[in-house]
Amino acid sequence: MSTQTPESHPYRGRFAPSPTGALHIGSLVTAVGSYLQARVHGGDWLVRIEDLDPPREKPGAADRMLRTLEAFGMLWDGEVRYQSRRSEAYEYALDRLRREGLTYPCACSRREISERQNAGGGPLIYPGTCRRGLPPGRRPRAWRVLTDADPLQFTDRIQGHRVSRLDQECGDFVIRRADGWFAYQLAVVIDDADQGITEIVRGCDLLESTPRQIHLQRLLGLATPDYAHLPLVLDEHGHKLSKQDRAAPVDPRRPGQALYRALAFLGQSPPSGLTGAGVEVLWAWALEHWQLRRVPPVGGRPDQG
Ligand code: GLU
């Protein structure tokens, strides 16, 4: 956890969507939660577009998301950062890990790894095949970072105390992908540190990535921010809403309605008198009443409205 004092590091939060589709109520909840946390602390709120996965991206999605945030009255501080323009910084970090012998090239395909793992599902755990060098005749594909069996602990401000064992959850994980793009885990750590983020408020689907990110922060000598993982909005089948699955986009022409739903989903109990209110009124109420401790750890279906 962070040992920073509020005086030396004023609050800085961020919203970091991948431009894989339009903002839906799930991503709006994350935007609203991170925005309110930042604003009630008198801090900055940055927006970073995590465009490191072209096959999953939709043309124009980043711009549409930014316009939607504006329509909701969520104005960010500074320039929007695009991860696709940050390869030099990621390369530098990879080099440093390489020089310290903490990363290695790997020849294994996903298929080979899953074939080696016993049947029975569960997460793919890299068995360390290329740890001591590539098998003869094999070409490097991805880069993996070394992990160990030490329990890694952190306290999430919503989800509570967590203990992880990376060797049992994922093993040595990919920081540069076989297609040449830097992996989310590395890029997010470099940018959160470079942008001075003091607290990360994001969806609970990323809770299991957090130990990997803390591991990388430690290897690279970077501060660990505070974490607050928000409950997930689920569809009628109990699955996370996904932009790629074309979850209904929020309607930027009626932002008040979606903002009210997001605040209710986040456990803030906006008064029923505010249904139908415009975003200015809702923000004024939310900025006065927002409390992270009222956010429920587990999500579900949002109220319709
Ligand atoms: N880009 C990630 C996503 O849209 C979020 C990353 C993060 O908040 O750390 O799922």
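One numbering rule holds for all chains: residues counted from 1, following each sequence as written. Per-residue local features are limited, in this predicted model, to residues with pLDDT of at least 70; the limit for side-chain atom pairs, both in listing and counting, is 80 or more; totals at the level of whole chains, interfaces and linings are taken over all residues. For the side-chain quantities, the full set of heavy atoms in the structure was used; hydrogens and water were omitted.

### Quick look at the packing of helix H3 (residues 87–99) against helix H6 (residues 184–194)
- Two numbers describe how H3 lies on H6: the axes approach to 10 Å, and their chain directions differ by 105°. Between H3 and H6, the angle falls in the class roughly perpendicular. In this structure, H3 contributes Ala89, Tyr90, Ala93 and Leu97 to the contact, and H6 contributes Leu186, Ala187, Ile190 and Asp191.
- Think of it as three bins: nonpolar holds Ala, Val, Leu, Ile, Met, Phe, Trp, Tyr, Cys and Pro, charged holds Asp, Glu, Lys and Arg, and polar takes everything else, Gly as well. Taken together, the residues of the contact of H3 with H6 sort by class into seven nonpolar, no polar and one charged. Each axis is a line fitted through C-alpha atoms, taken for helices only over the stretch in contact, and angles between the N-to-C directions span 0 to 180 degrees. By the criteria applied, helices consist of DSSP H or I runs no shorter than four residues and strands consist of E runs no shorter than two, each listed in order from the N terminus. Under this scheme an angle from 65 to 115 degrees is roughly perpendicular, one under 35 degrees roughly parallel, and one over 145 degrees roughly antiparallel; angles in between are oblique. It only takes one pair of heavy atoms within 4.5 Å for two residues to be counted as in contact.

### Points about the sheet that holds strand S8 (residues 173–176)
- Spatial ordering of the open sheet is given by S4-S5-S8, a layout of three strands whose pairing is antiparallel. In the strand order of this sheet, the two ends are held by strand S4 (103–106) and S8, each with one partner. Neighbour to neighbour, the strand axes of the sheet diverge by 45° on average, direction disregarded.
- Examined bridge by bridge, strand S5 (residues 142–145) and S8 share three bridges and lie antiparallel to one another. Its bridge partner lying in S8, Val145 is registered against Phe173.
- The strands that H3 touches are S4, S5 and S8; relative to S8, the one it contacts most, it runs at about 125°.
- Contacting S5 and S8, helix H7 (residues 210–219) runs over the sheet at an angle of about 60° to S8. Here a strand pair is declared whenever DSSP counts at least two bridges between the two strands.

### Remarks on the environment of Trp45
- Secondary-structure assignment places Trp45 in strand S2 (residues 44–49).
- Counting along the chain gives 250 residues from Trp45 to Val295, while the straight-line C-alpha distance between them is 19 Å.
- N or O atoms closer than or at 3.5 Å make up a polar contact, with two conditions inside protein: a donor-capable atom paired with an acceptor-capable one, and, for residues adjacent in sequence, both atoms drawn from side chains. At 3.0 Å, the side chain of Trp45 and the side chain of Ser34 are in polar contact.

### Overview of the pattern of salt bridges
- One speaks of a salt bridge when a side-chain nitrogen belonging to Lys or Arg is within 4 Å of a carboxyl oxygen belonging to Asp or Glu. Taken as a whole and assessed by the stated rule, the structure comprises 23 salt bridges.
- Arg48 is the salt-bridge partner of Asp192, the closest N and O atoms lying 2.9 Å from each other. Taken together, the residues Asp192 in helix H6 and Arg48 in strand S2 connect sequence positions 144 residues apart. Residue Asp192 shares its accessibility class with Arg48, and that shared class is buried.
- A salt bridge links Asp251 to Arg253; the nearest nitrogen and oxygen atoms lie 3.1 Å apart. Only protein chains enter the accessibility calculation, which uses a 1.4 Å probe; a residue is then buried when its area is under 20% of its type maximum, exposed when over 50%, and partly exposed in between.

### With respect to the environment of Ile125
- Tracing the chain through its elements places Ile125 in the loop between helix H4 (110–116) and S5.
- Filtering out sequence-adjacent residues up to four positions away, Ile125 remains in contact with Ile113, Gln117, Asp167, Gln168, Glu169, Cys170 and Gly171.

### Details of the side chain of Thr147
- Here Thr147 lies in the loop between S5 and strand S6 (152–156).
- Residue classification places Thr147 among the buried positions, given a relative accessible area of 9%.
- The residues contacting Thr147, other than those within four sequence positions of it, are Arg131, Leu166, Gly171, Asp172, Phe173 and His215.

### What to know about the packing of aromatic side chains
- The criterion for an aromatic pair is that two Phe, Tyr or Trp rings (for Trp, the six-membered ring) have centres within 6.5 Å, with stacked assigned to planes under 30 degrees apart, edge-to-face to planes over 60 apart and tilted to the rest. What the rule picks out here adds up to five aromatic pairs.
- Between Tyr35 and Trp45, the ring centres sit 5.0 Å apart and the planes meet at 85°, which makes this aromatic pair edge-to-face. With Tyr35 in helix H1 (residues 25–40) and Trp45 in strand S2, this pair connects stretches of sequence that are 10 residues apart.
- Overall, the relative accessible area of 9% leaves Tyr35 in the buried class.
- Ring centres of Tyr35 and Trp283 lie 4.9 Å apart, and the angle between their planes is 55°; this geometry places the pair in the tilted category. Taken as a pair, Tyr35 in helix H1 and Trp283 in helix H9 (residues 279–289) lie far apart in primary sequence, 248 residues in all.
- Ring pairs connect the aromatic residues Phe15, Tyr35, Trp45 and Trp283, which therefore count as one cluster.
- We call a charge positioned above a ring when the Lys NZ or Arg CZ atom is no farther than 6 Å from the ring centre and deviates by at most 35 degrees from the ring normal. Stacked on the ring of Trp143, the Lys or Arg Arg98 has its end atom at 4.3 Å from the ring centre.
- A cation over an aromatic ring shows up here: Arg144 above the ring of Tyr126, its NZ or CZ 3.8 Å from the ring centre.

### With respect to the sheet that holds strand S1 (residues 12–15)
- Across the sheet, three strands lie side by side as S1-S2-S3; this open sheet has parallel pairing. Whereas interior strands pair on both sides, the edge strands pair on one side only; in this sheet they are S1 and strand S3 (81–82).
- Pairing between S1 and S2: four bridges, direction parallel. Paired with Arg12 across the strands is Asp44, a residue of S2.
- Across the sheet, H1 lies against S1 and S2, angled at about 150° from S2, the strand it touches most.
- Strands in contact with helix H2 (residues 61–71) are S1, S2 and S3; relative to S2, the strand with the most contacts, it is inclined by about 160°.

### Focus: the site of the ligand
- Any residue with a non-hydrogen atom lying within 4 Å of a molecule or strand is treated as near it. For the ligand, the set of nearby residues contains 10 residues, the closest of which are Arg14, Ala16, Glu50, Tyr184 and Arg202.
- The contact in question runs from a nitrogen atom of the ligand to an N or O atom on the side chain of Glu50, over 2.7 Å.
- At 2.8 Å from an oxygen atom of the ligand is found a side-chain nitrogen or oxygen belonging to Arg202.
- Working definition of accessibility: Shrake-Rupley area with a 1.4 Å probe, residue cover restricted to the visible protein chains. For the ligand, the protein covers 83% of the area, taking 300 Å² as the surface of the free molecule.
- In the shell around the ligand, the residues fall into five nonpolar, one polar and four charged.

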